[in-house]
There are 12 protein chains.
Amino acid sequence: MAKSIFVLNGPNLNLLGQRQPDIYGRKTLSDVEALCRTRAQRYGFDLTFRQSNHEGDVVDWLQEARQEAAGVIINPGAFTHTSIAILDAIIATELPVIEVHISNIHAREEFRRHSYVSAVAKAVLCGFGIEGYGLAIDGLAALLGVKAQAA
Amino acid sequence: MAKSIFVLNGPNLNLLGQRQPDIYGRKTLSDVEALCRTRAQRYGFDLTFRQSNHEGDVVDWLQEARQEAAGVIINPGAFTHTSIAILDAIIATELPVIEVHISNIHAREEFRRHSYVSAVAKAVLCGFGIEGYGLAIDGLAALLGVKAQAA
Amino acid sequence: MAKSIFVLNGPNLNLLGQRQPDIYGRKTLSDVEALCRTRAQRYGFDLTFRQSNHEGDVVDWLQEARQEAAGVIINPGAFTHTSIAILDAIIATELPVIEVHISNIHAREEFRRHSYVSAVAKAVLCGFGIEGYGLAIDGLAALLGVKAQAA
Amino acid sequence: MAKSIFVLNGPNLNLLGQRQPDIYGRKTLSDVEALCRTRAQRYGFDLTFRQSNHEGDVVDWLQEARQEAAGVIINPGAFTHTSIAILDAIIATELPVIEVHISNIHAREEFRRHSYVSAVAKAVLCGFGIEGYGLAIDGLAALLGVKAQAA
Amino acid sequence: MAKSIFVLNGPNLNLLGQRQPDIYGRKTLSDVEALCRTRAQRYGFDLTFRQSNHEGDVVDWLQEARQEAAGVIINPGAFTHTSIAILDAIIATELPVIEVHISNIHAREEFRRHSYVSAVAKAVLCGFGIEGYGLAIDGLAALLGVKAQAA
Amino acid sequence: MAKSIFVLNGPNLNLLGQRQPDIYGRKTLSDVEALCRTRAQRYGFDLTFRQSNHEGDVVDWLQEARQEAAGVIINPGAFTHTSIAILDAIIATELPVIEVHISNIHAREEFRRHSYVSAVAKAVLCGFGIEGYGLAIDGLAALLGVKAQAA
Amino acid sequence: MAKSIFVLNGPNLNLLGQRQPDIYGRKTLSDVEALCRTRAQRYGFDLTFRQSNHEGDVVDWLQEARQEAAGVIINPGAFTHTSIAILDAIIATELPVIEVHISNIHAREEFRRHSYVSAVAKAVLCGFGIEGYGLAIDGLAALLGVKAQAA
Amino acid sequence: MAKSIFVLNGPNLNLLGQRQPDIYGRKTLSDVEALCRTRAQRYGFDLTFRQSNHEGDVVDWLQEARQEAAGVIINPGAFTHTSIAILDAIIATELPVIEVHISNIHAREEFRRHSYVSAVAKAVLCGFGIEGYGLAIDGLAALLGVKAQAA
Amino acid sequence: MAKSIFVLNGPNLNLLGQRQPDIYGRKTLSDVEALCRTRAQRYGFDLTFRQSNHEGDVVDWLQEARQEAAGVIINPGAFTHTSIAILDAIIATELPVIEVHISNIHAREEFRRHSYVSAVAKAVLCGFGIEGYGLAIDGLAALLGVKAQAA
Amino acid sequence: MAKSIFVLNGPNLNLLGQRQPDIYGRKTLSDVEALCRTRAQRYGFDLTFRQSNHEGDVVDWLQEARQEAAGVIINPGAFTHTSIAILDAIIATELPVIEVHISNIHAREEFRRHSYVSAVAKAVLCGFGIEGYGLAIDGLAALLGVKAQAA
Amino acid sequence: MAKSIFVLNGPNLNLLGQRQPDIYGRKTLSDVEALCRTRAQRYGFDLTFRQSNHEGDVVDWLQEARQEAAGVIINPGAFTHTSIAILDAIIATELPVIEVHISNIHAREEFRRHSYVSAVAKAVLCGFGIEGYGLAIDGLAALLGVKAQAA
Amino acid sequence: MAKSIFVLNGPNLNLLGQRQPDIYGRKTLSDVEALCRTRAQRYGFDLTFRQSNHEGDVVDWLQEARQEAAGVIINPGAFTHTSIAILDAIIATELPVIEVHISNIHAREEFRRHSYVSAVAKAVLCGFGIEGYGLAIDGLAALLGVKAQAA
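Source: prediction; values computed, not measured. (Residues numbered from 1 in each chain as written. Chains lettered and ligands numbered in written order. Predicted model: local features only at pLDDT ≥ 70, side-chain atom pairs only at ≥ 80, totals over all residues. Heavy atoms only, no water.)

### Examining the overall build of chain A
If you tally the helices and strands in chain A, you get five helices and five strands. Seen in sequence order, chain A has helices and strands lined up from the N terminus as β-α-α-β-α-β-α-β-β-α. Against the globule reference of 15 Å for 151 residues, chain A gives a C-alpha radius of gyration of 14 Å, in line with a compact fold. Here chain A, with 151 residues, has 66% of them falling under the buried criterion. Taking as baseline every contact in chain A between residues at least 6 positions apart, the subset at least 24 positions apart corresponds to 78%. When the accessible surface of chain A is split by element, carbon and sulfur atoms take 46% of a total near 5,200 Å². One way to put it: in chain A the 14 positive side-chain charges average out to a point 7 Å from where the 16 negative ones average out. (Helix = DSSP H or I, 4+ residues; strand = E, 2+ residues; numbered from the N terminus. Rg over C-alpha atoms; globule rule 2.2 N^0.38 Å. Buried < 20%, exposed > 50% of the residue type's maximum accessible area, 1.4 Å probe, protein only. Contact = heavy atoms within 4.5 Å. Areas by Shrake-Rupley, 256 points an atom, 1.4 Å probe, with all protein chains shown as cover. Lys, Arg positive; Asp, Glu negative; His and termini not counted. Charge placed at Lys NZ, Arg CZ, Asp CG, Glu CD.)

What follows is the structure in structure tokens.
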């Protein structure tokens, strides 16, 4: 049976491609979803892909993932720096959770350098643009011991 | 006429009993609700018992309590450390508000030692496990001058 | 065609007039809305006026303003001090955003002196009571080069 | 055989009822002792009740409790914020120790918000006035699995 | 009898229009004075308008305003961040004092984010360019309950 | 009837005259007591003069002063910087308490610049050598409205 | 020949008696000068008494004192906390300089607790009201070894 | 012509597989090199693979990469947190540099959470074990627009 | 004539061997005393060995040592981190004072890393278990130029 | 036509040679002026040389330099560490401004290590004694591309 | 078979006896080596004794010790305060490592009070002059359970 | 006999002219060396000119200078901010050491504003571009009392 993975996106990521393209690029969140679906298929993963501007939704979805998924990829957006609720929800999943950021958050404002999520994520990557989602799925597959399927 | 009290729970408390049982124990939020109902009855209190992962819900409910309740018991979970909106809503209730935590938050990570809520709560307790809710109801009754009713 | 402006209000502002009147005065949020409508008419602005206790709603509405409005006036309430999501949403609007506070937040608790919003707002004002909304509309009109219409 | 509990009070608590009654109330330390004796009887506990202005006495008594008691309730007064010796003595007891404060220390001066004791106490409560001692005995009984005896 | 208001300007504001026009715009301090005179007339205010590079002058003038004026508008320039003497002089005026900045100081260097003046001003505004002076006079009039006079 | 004043000295002040004479001078604590007795007589004060290396003693004596004295002069020595118990005891006296230091503590190590006592003392003086005690008695007399008696 | 002493007063002290009388009392700076003249006569001192709102004046006068005076009493007002120029000028006097404050600055806002002047003053006193000037002259006389003259 | 990439390793990485295997795993640096060579071949990259315990060597090699390579992957080990020289050398390369860590450095000691390198790296990843090197090569290829070659 | 040395122990050291044996080992304070007596004999030293939970006792004993001893070995326990009174008493001894800790305090909680005593001790050692006392006596003998006596 | 340069000196520099000669040397400000005149002549510069204890004068003179000079050399004395007004005036000059200190300010008190001026100066030098003024003129000439004239 | 121990010395220790003799004494590093060889013989230890100014050498040698030695004595000199690479290498040795300093580093500049090494060393000593190396060998022998051999 | 001076350069200075020319200019390190040789000749100095990316080399060379040179000019590059080993080596030289930076480090990133070297250097200069080396040699000559030789 196919394993399920969740890709969760935090606030303002629905504006991807329109907002500050010099930082975030011109690809949209639909492009990200398409990229994720293609990459997930490579490993036979079912994909749940969501975005919300509400912290509570992200917590709800992490609790849902806890029941249904084998792993989670999360781009918490601005919640990265402010949400202990998400930190707690990640611990509660007892799953490998990969934190992704499109831009290199370490090269930006000081307040973007602290992440509550990083301390409880299994792995973290940033700065690869939207390809970071693809690398995160590859990395999650490796952590789960799932190999790419023959084409 | 019976007085009403609110017991409000913040994010991830719906996972109680499943999440990190070494810290939070094995009792569920239903167990907490049952404990609260029994204890509230002892004082003839009507009980409103709620949980949400959304900060805005907790603020909404505190505003509701402001109209309807004689006192509030709140376990703000992770919002304890990050929500000034809840701090403001507690002030606005003009009610005695008791802050409860199941674990001793002072014995955990540094970021759990600061509580925005404590400065505006009437009283605070932590570390008694779920029995802390019972003690909070007893304490709230004492603050309100309500005595236990004859059995 | 009339330009549209948004006036967005954060948590607990629905309690205006009831909560801590020594700080916030006795006028209600309806009074604020009325004041804003009158003042907006002076410049021929369409007005969207909203309040929520949910951070996500404020982010959603800023994204909506991004599509529809010529400018935004925001009183983020407690989110002023805690929300990077709103900061990001304001940047994304690419509109002039005016931050308003009814009280002088610099004369209150230390934690109210830091505003994430101020760094990305076009202009900031506080301490004028609810008349601050009127001044903000006047100021926004000036920034947009819109003059008051003949009576 | 009856279990023994210690109730230890730190500096200036002998002035209770006379000193700053707006903060600490008008009940005296004798009232506190009477309240504690009544409540301890409910659980069949022997009670040792003491106060000192000397940090060393509190350390000595914690070491005594280590030999003789099943649990400790401590209101360390000002030593809460300055004494690592008491912190070490509490660890050494290997007993459940409940920290009590009459006022809500989180609503007072900044230097009263840090407690060396809280990190090693089993549970903490504050803000319930002298009734806090009663709740602490109830809570200690619950932690020890001792039920109230039939009247 | 006409009420008097003071508009006081701190160091380097005499260079307005020449210094860093990308931040401060191209209008000169004479333009500001003209704008203020026009706006003050609208309310029937007498206007005293001054600038100095000497902290002591600003203190002297605030003491003068204390005797003669109904309110003060102050752009303390760099003294905003360094002068406790001006803070004390503002308290001593026992008048409504409005703090104005041409640029949004919160969007600039870190050391410009702290204002000694804001904590004792009645109201604060920044980021509206020189129109901020006009809004400050409008706001001061509102605080003083003075209405615009018929044209 | 003669008024009583207490002069209380903290740790190591019994070594005065022997310890670090370049900082504390060569006069002994007996010299200080003699100076105080002479000066107290000038105002008809009874004098209680004590020294201890035990923080608890100083707290006990402040409580005693609370019952018997019209004012207190205290040189808390090293407890100045570490004792919140003494701070609380001073508040509890509800008396004018003058803090004295022989050396100028502001010209010494950084950790000697913070005094818990100063915030609750009525007045503070340091750097006058042992004559500081005399000035403190003069100052206390002035605060109490007691004049020097004819010789 | 009579020795000369300088009494220098910083910003806003000319408002003494009018400004915040709950903190500074109702005596004026003229009262202070009169008190100082009377006390100086007791020791045969010539007195120079000045006040300015300009930091530079205070520096100029300290340099003048350096040439003419045997000692200085300074109440730097707000410059206490901000002026390194005055610190340097005090060092340069090579005279005993006594720092005086009318109120207890340690019991006020945090920013009033740091004094640049204290580290280089010979002695410091605060909280005695305007009598503090008298005690400072007494103390300065003692430091200079000048005795009160027969009446 | 084949492009060249550098993989540079900082201090103690030569102990990989032997040192703290619970943190770093049991694979050796030879295993890492083999993994990198295989992965580099997939993109037709020439690979230079080095390790040193000397900060100066890492700086020297980055300068060498500056002349010869199309991109760099660096695991600076402990130099991550202490070397501004490496930060400067990375800027000087004017190449895409990917920072890799085997463990999740954000879940470890506080001093490992600050990286001088991250602010100037193009992208950062950590927590994937040695597979992180493979993902870094994939990511670098994507950034360089180099596709995997047919098998 | 034999020289005298003092070995002074702070709070909770009387529990040695019983309290947290994983940190402090299973040897008791009697074992420490025996070890010290044997080692002191080697150098012909008279030994005074004491322990107290009262800071004031430690200060008193240091003053006693000042009169009678050639050197002091002190394990201040928790007072290490909180007592400026002991710091002052050590300075006053004008003797070589060796600070000893059984455990390596640098490998424990952050608050145990700061020692007021270390800055005024002649030498410091920690982490050797109770043998540290023996090394301290050896080291003190070397500092005093006293050689081991023939057996 | 000869270019003009300004050499501006802050507070207490008029005492040069008399004040703390171990730090500042025995040369007077006249010596400095003479040195500067000689050195300026070497490049054909007109020299304006001034000193004031008033921050406002320094700001005024920088504004004057803005109109008349090709470059400025400034020794801001104590204003270095406290004056944002001078910082702003330097930016406004749009000239190369060289900051000079006679002593090495980095080897002195901590509060002398931060300079507001340095961040906006073109170049900074300290520790060369009064010869530093000569080097500053040489350096300014080099920055302006002015060569020494034939003797 | 004889056990081996390493004594490793960091930067500038080769200047011992010449550099700052008031702090470090007049004995040279050769004297230290001789002292160590004599003391090591007492326990039958082989001794490897080295010094380098290169951090990388110290890391290399710790890795060498990891293979060959039973314990390490290290005086990291300035690297104490700056090198995480040495911290990591010490952990990797899995040996008892004793940190030695000739002077009492706690009595010197603030930046010398923090040691990265101390947190991972087994034991630490400082302030005994070069005899500290001898005590460290004695202490290491005790920790290894090796007794002095009969002469 | 000619005096010798050392000019020592830290990491990445070998890239001068290629790396970030907007900050460091387009002159190479060879240009710097040529400039230094010419200027040294003016005073009859022998010149040793070196660069390394290895901190240990800089320490070695400072020790060499200690034996052979009359003074040192050092541009420590990134080691400025991180190397206490170089700080110690500079103290050990007992020579006048001049710290030079090509750019104005105070106008760059925060972490470049702290220099360990400055506190022990004799003099410091920055921001003059490579001409700074020339001024440093002039200044060193002045400090050594060496005059320029006749051409």
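### Some words on unusual backbone geometry
Leaving glycine out, the prevailing phi sign among residues is negative, and the prevailing peptide bond configuration is trans. The backbone of E94 of chain A shows a phi angle near 55 degrees, a positive value even though the residue is not glycine. Following the sequence through the fold, E94 of chain A ends up in the loop between α4 (84-93) and β4 (97-101). At N12 of chain H, a residue that is not glycine, the phi angle is positive and equals roughly 70 degrees. Positionally, N12 of chain H belongs in the loop between β1 (4-9) and α1 (21-24).

### Things to note about the pairing of strand β5 (residues 123-126) of chain B
Residues A123 and L125 of chain B point to one face of β5 of chain B and V124 and C126 of chain B to the other, with burial holding for every one of them. As judged from the four bridges shared by strand β4 (residues 97-101) of chain B and β5 of chain B, these two strands associate in the parallel manner. Bridged to I98 of chain B within β5 of chain B is A123 of chain B. Of the pairings in the sheet, the one linking β5 of chain B to strand β5 (residues 123-126) of chain D comprises three bridges and is antiparallel in character. Looking across to β5 of chain D, one finds that V124 of chain B is bridged to C126 of chain D. (Pairing = 2+ DSSP bridges.)

### Here we look at the packing of helix α3 (residues 55-68) of chain I against helix α4 (residues 84-93) of chain I
All names here are of chain I. Running from N to C, α3 and α4 cross one another at 5 degrees; their axes reach a closest spacing of 9 Å. In terms of their interaxial angle, α3 and α4 are classed as roughly parallel. Across from E55, V58, V59, L62 and R66 in α3, the residues of α4 making contact are A85, I86, A89, I90, A92 and T93. (Axes fitted to C-alpha atoms, helices over the stretch in contact; angles between N-to-C directions. Parallel < 35°, antiparallel > 145°, perpendicular 65-115°, else oblique.)

### A look at the interface of chain A and chain H
Between chain A and chain H, the contact holds 23 residues from the first and 23 residues from the second. Carbon and sulfur atoms supply 63% of the area that chain A and chain H bury against each other, a total of about 1,700 Å² over both sides. Taken together, the links from chain A to chain H amount to zero salt bridges. Breaking the side of chain A that touches chain H down by element, the ones donating at least two residues are β5 (123-126) and α5 (131-144) of chain A. No other element matches the seven residues that α5 of chain A contributes to the side of chain A that touches chain H. Of the residues belonging to the side of chain A that touches chain H, the class tally is 13 nonpolar, six polar and four charged. (Buried area = accessible area lost by both parts, 1.4 Å probe. Salt bridge = Lys/Arg side-chain N within 4 Å of Asp/Glu carboxyl O. Nonpolar A, V, L, I, M, F, W, Y, C, P; charged D, E, K, R; others polar.)

### Digging into the relation of the copies chain D and chain B
For the pair chain D and chain B, the superposition axis carries a translation of 0.0 Å, the fit reaches an RMSD of 0.0 Å, and the rotation angle comes to 180 degrees. Between the two chains, the operation in question is that of a two-fold axis. Closest approach to the rotation axis within chain D is made by the C-alpha atom of L125 of chain D, at a distance of 2.0 Å. By residue overlap, the copies meet face to face through one surface: 100% of the interface positions of chain D are interface positions in chain B. (Least-squares fit on C-alpha atoms with pLDDT ≥ 70 in both.)

### A few points about the interface of chain D and chain B
The interface is formed by 23 residues belonging to chain D together with 23 residues belonging to chain B. Interface area for chain D against chain B, summed over the two sides, is near 1,700 Å², with a carbon-plus-sulfur share of 63%. On the chain D side of the interface with chain B, the three residues burying the most area are H106, V124 and F128 of chain D, jointly 28% of the side's total. Where chain D packs against chain B, one counts zero salt bridges. Linking chain D with chain B are eight residue pairs in polar contact (both at pLDDT 80 or more), by the criterion used here. With seven residues, helix α5 (residues 131-144) of chain D is the largest single contributor of residues to the side of chain D that touches chain B. (Polar contact = N/O pair within 3.5 Å; in protein donor to acceptor, adjacent residues only side chain to side chain.)

### With respect to the arrangement of the chains
As for chain H relative to chain E, no contact occurs, and the smallest C-alpha gap between them is 19 Å. Taking C-alpha atoms only, the smallest gap left between chain J and chain K, which are not in contact, amounts to 11 Å.

### What about the side chain of R39 of chain G?
All names here are of chain G. Locating R39 in the fold gives a position in helix α2 (residues 29-42). Given the relative accessible area of 10%, R39 is considered buried. A polar contact is formed between the side chain of R39 and the side chain of E131, at a distance of 2.9 Å. Beyond its immediate stretch of four places on either side in the chain, R39 contacts E131, G134, L135, I137 and D138.

### Concerning the sheet that holds strand β4 (residues 97-101) of chain L
Spatially, β2(J)-β1(J)-β3(J)-β4(J)-β5(J)-β5(L)-β4(L)-β3(L)-β1(L)-β2(L) is the arrangement adopted by the 10 strands of the open sheet, whose pairing is mixed. One side of each edge strand has no neighbouring strand; the edge strands of this open sheet are β2 (46-51) of chain J together with β2 (46-51) of chain L. Across the sheet, the axes of successive neighbouring strands diverge by a mean angle of 15 degrees, strand direction being ignored. Contacting β1 (4-9), β2 and β3 (71-75) of chain L, helix α3 (residues 55-68) of chain L crosses the sheet at an angle of about 170 degrees to β1 of chain L.

### Quick word on the environment of N9 of chain B
Residue and element names in this part refer to chain B. You can see N9 is positioned in strand β1 (residues 4-9). Sequence-distant contacts of N9, that is, excluding residues within four places in its chain, are made with L29, F49, R50, Q51, S52, N75 and Y133. At a separation of 2.6 Å, a polar atom in the side chain of N9 contacts the side chain of Y133.

### With respect to the pattern of salt bridges
One pass over the full model with this rule turns up 84 salt bridges over all chains. A salt bridge links R108 of chain G to E109 of chain G; the shortest N-O distance between them is 4.0 Å. Classification of E109 of chain G by relative accessible area gives partly exposed; the value is 32%. Across the pair R39 of chain K and D138 of chain K runs a salt bridge whose closest N-O atoms are separated by 2.7 Å.

### Describing the relation of the copies chain A and chain H
Note on the copies: chain A fits chain H at an RMSD of 0.0 Å, the axial shift is 0.0 Å, and the rotation between them is 180 degrees. Both copies share a contact surface, since 100% of the interface residues of chain A are interface residues in chain H too.

### Regarding helix α5 (residues 131-144) of chain K
Taking 1.5 Å as the rise per residue, α5 of chain K with 14 residues should run 20 Å; its terminal C-alpha atoms sit 20 Å apart, in good agreement. Among the 14 residues of α5 of chain K, 10 are classified as buried, and the element is accordingly described as predominantly covered. Those residues of α5 of chain K that are buried are in contact with α5 (131-144) of chain I together with β1 (4-9), α2 (29-42), β3 (71-75), β4 (97-101) and β5 (123-126) of chain K. A positive backbone phi angle near 70 degrees is found at G145 of chain K, which sits one or two residues after α5 of chain K. (Expected span 1.5 Å × (residues − 1).)

### A look at the sheet that holds β5 of chain A
An order of β2(A)-β1(A)-β3(A)-β4(A)-β5(A)-β5(H)-β4(H)-β3(H)-β1(H)-β2(H) is seen for the 10 strands of this open sheet, with the pairing classed as mixed. Across the chains shown, the open sheet's two edge strands, defined by having one partner strand only, are β2 (46-51) of chain A together with β2 (46-51) of chain H. Neighbour-to-neighbour, the strand axes of the sheet open up by a mean angle of 15 degrees, direction not taken into account.

### Re helix α3 (residues 55-68) of chain A
The end-to-end C-alpha separation of α3 of chain A is 20 Å, in line with the 20 Å expected for 14 residues at 1.5 Å each. Listed in full, the buried residues belonging to α3 of chain A are E55, G56, V58, V59, W61, L62, Q63, A65 and R66 of chain A.

### Structural notes on the confidence of the model for chain A
Summarising the model, chain A shows a mean pLDDT of 94, and 98% of its residues fall at 70 or more. Interface confidence for the predicted complex, given as ipTM, is 0.94, next to a pTM of 0.95. (pLDDT = per-residue confidence, 0-100.)

### Quick look at the state of the cysteines
Inspection of the entire model under this criterion finds zero disulfides over all chains. Free of any disulfide, C36 of chain D has its nearest neighbouring cysteine sulfur in C126 of chain D, separated by 17 Å. Lacking any disulfide linkage, C126 of chain D is separated from the closest cysteine sulfur, that of C126 of chain B, by 8.6 Å. (Disulfide = S-S within 2.5 Å.)

### Let's talk about the environment of E68 of chain I
Residues and elements named next belong to chain I. Position of E68 relative to the elements: it lies in helix α3. Along the chain, E68 and K3 lie 65 residues apart, while their C-alpha atoms are 8.9 Å from each other. Among residues more than four places away in sequence, those in contact with E68 are S4 and F6.

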